[in-house]
Amino acid sequence: MTHTAVFRGSAVCPSPVADPSLRLFLFHHAGGSHLLYRNWVPEFPPDWELCLLNAPGRAHRRDQPAVDRVEDLVDHFHQELLPLFDRPFAFFGHSMGGLAAYELTLRLAAQGGPMPVWLGLSAFGPPRGAEYRRRPGRHESSDAELRDWLRSLGGTPAELLDNDDVWQLFEPVFRSDFKLVDTWARDPATGSPPLPFTVFGGEQDLVVEPRRLKAWADHSPHLQGVHLYPGGHFYLHDHRAALIRTVTASVRAARAAAERIITAPGAS
């Protein structure tokens, strides 16, 4: 059956489901878009609805100015996604997307709103406080330095980096996104995700090294596990099937645990 994608605010739902048992929201990396996840949908359970998100300034949200503060990005997603939290839902984010998913989760917890059943954090380490801010930030790099650094990561199409005209169209988005990430700070004492979460990353990632990912164990008792795959910052391109299997199993385990709590004798 052929599906027609549906746009719901910032979300692109490539295969809409009439009455999904769960919505999985996928948050993209800095400089990226929903296209990071364009091949993921068929590999998830058919009764799940996948919502591929776009931050302002790209794809069908390109008419909106890009934001360079985490608070503004969370405001944007919170406002646009709240109507979609009408059934069980989960978050998965890669790199900057991990930061967005994490901060949105903490926002929902602080406001007593609906909460995801599970949080997946890919290539995103725990908070370390303002003293660890990246100085100078990547958004302050020269044009050549920034393009060379992006080439080294392997996640940006060569035609974007090598074509001056194309690069000029996308450079402001990259710089806004990197400013957002590089200036983010949170007191580690306030940064424990209050729900089951799983961490993912690349064994050879030099941006967010495995030791940083494993440090999540010191921040929360709710960590389900750290799953590492061969590769660098964009390891997920080469391990999509294995990663999706783990995400699916992790979400199911979190939902099953929540149901056991609800149905336990004495549960309110």
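For the structure given in this document, a descriptive report is provided here.

Scoring rules and cut-offs
Residues numbered from 1 in each chain as written. Predicted model: local features only at pLDDT ≥ 70, side-chain atom pairs only at ≥ 80, totals over all residues. Heavy atoms only, no water. Pairing = 2+ DSSP bridges. Helix = DSSP H or I, 4+ residues; strand = E, 2+ residues; numbered from the N terminus. Axes fitted to C-alpha atoms, helices over the stretch in contact; angles between N-to-C directions. Phe/Tyr/Trp six-rings, centres within 6.5 Å; stacked < 30°, edge-to-face > 60°. Buried < 20%, exposed > 50% of the residue type's maximum accessible area, 1.4 Å probe, protein only. Parallel < 35°, antiparallel > 145°, perpendicular 65-115°, else oblique. Contact = heavy atoms within 4.5 Å. Nonpolar A, V, L, I, M, F, W, Y, C, P; charged D, E, K, R; others polar. Core = buried A, V, L, I, M, F, W, Y, C linked by side-chain atoms within 4.5 Å. Polar contact = N/O pair within 3.5 Å; in protein donor to acceptor, adjacent residues only side chain to side chain.

On to the sheet that holds strand 6 (residues 119-122). Spatial ordering of the open sheet is given by 1-2-4-3-5-6-7-8, a layout of 8 strands whose pairing is mixed. The two strands at the open ends of the sheet, each matched to only one other strand, are strand 1 (6-8) and strand 8 (223-229). Taking the axes of each pair of neighbouring strands and ignoring which way they run, one obtains an average angle of 20° across the sheet. Bridge count between strand 6 and strand 7 (residues 197-202): 4 bridges; the pairing is parallel. In the strand pairing of strand 7, S122 is matched with F200.

Turning next to the packing of aromatic side chains. On inspection of all chains with the given rule, the structure shows 25 aromatic pairs. Between Y37 and W40, the aromatic rings sit 4.8 Å apart at their centres with planes inclined by 80°, giving edge-to-face as the arrangement. Given a relative accessible area of 0%, Y37 falls into the buried group. Looking at W40, the relative accessible area reads 3%, which means it is buried. Seen in terms of ring centroids, Y102 and W184 are 6.1 Å apart; in terms of plane orientation they differ by 90°. Their pairing is edge-to-face. Of this pair, Y102 sits in helix 2 (residues 96-111) while W184 sits in the loop between helix 5 (164-182) and strand 7, and the two are 82 residues apart along the sequence. Just as Y102 is buried, W184 falls in that class too. Following the ring pairs from residue to residue traces out a cluster consisting of Y37, W40, F44, W48, F92, W118 and F200.

On any regular strand, side chains alternate: one points to one face of the sheet, the next to the other face. Counting buried positions along strand 3 (residues 22-27) gives 6 out of 6 residues, so the element sits mostly inside the fold. Side chains L22, L24 and L26 of strand 3 all project onto a buried face; the interleaved residues R23, F25 and F27 project onto the opposite face, where all are buried too. As paired strands, strand 3 and strand 4 (residues 48-53) are joined by 5 bridges and run parallel to one another. Bridging across to strand 4, F25 finds its partner in C51. Here 5 bridges tie strand 3 to strand 5 (residues 89-94), and the two strands are oriented parallel to one another. What sits directly across from L26, in strand 5, is F92.

Let's shift gears to the pairing of strand 5. The buried count for strand 5 comes to 6 of 6 residues, which makes it a mostly enclosed element. Sheet topology note: the strand 5/strand 6 ladder contains 4 bridges and is parallel. Note on strand 6: the bridge partner recorded for F91 is L119.

Here we come to the packing of helix 3 (residues 143-153) against helix 5. The packing of two helices is summarised by the inter-axis angle and the distance between the axes. For the pair helix 3 and helix 5, the least separation of the axes is 11 Å and the interaxial angle reads 85°. By the angle class used here, helix 3 and helix 5 are roughly perpendicular. Contact with helix 3, carried on its side by D143, L146, R147, W149 and L150, involves D164, W167, E171, F174, R175 and F178 of helix 5 and no other residues of that element. Here the contact of helix 3 with helix 5 is built from residues that sort into 6 nonpolar, no polar and 5 charged.

Counting residues in hydrophobic clusters, the biggest one holds 44 residues, and the most contacted among them are F25, F27, F77, L81, F91, L104 and L121. Per-element tally for this core: the top contributor is helix 2, with 8 residues. Among residues more than four places away in sequence, those in contact with L121 are G93, G98, Y102, F197, T198, V199, F200 and W216. Membership of the second largest hydrophobic core comes to 25 residues, among which are L36, Y37, W40 and W118.

A word on the side chain of R23. Examined against the element boundaries, R23 turns out to sit in strand 3. Exposure remark for R23: the relative accessible area of 7% places this residue in the buried category. Looking at R23, its side chain comes within polar contact range of the main-chain oxygen of L84, at 2.9 Å. Beyond its immediate stretch of four places on either side in the chain, R23 contacts R8, E49, C51, L84, D86, R87, P88, F89 and A90.

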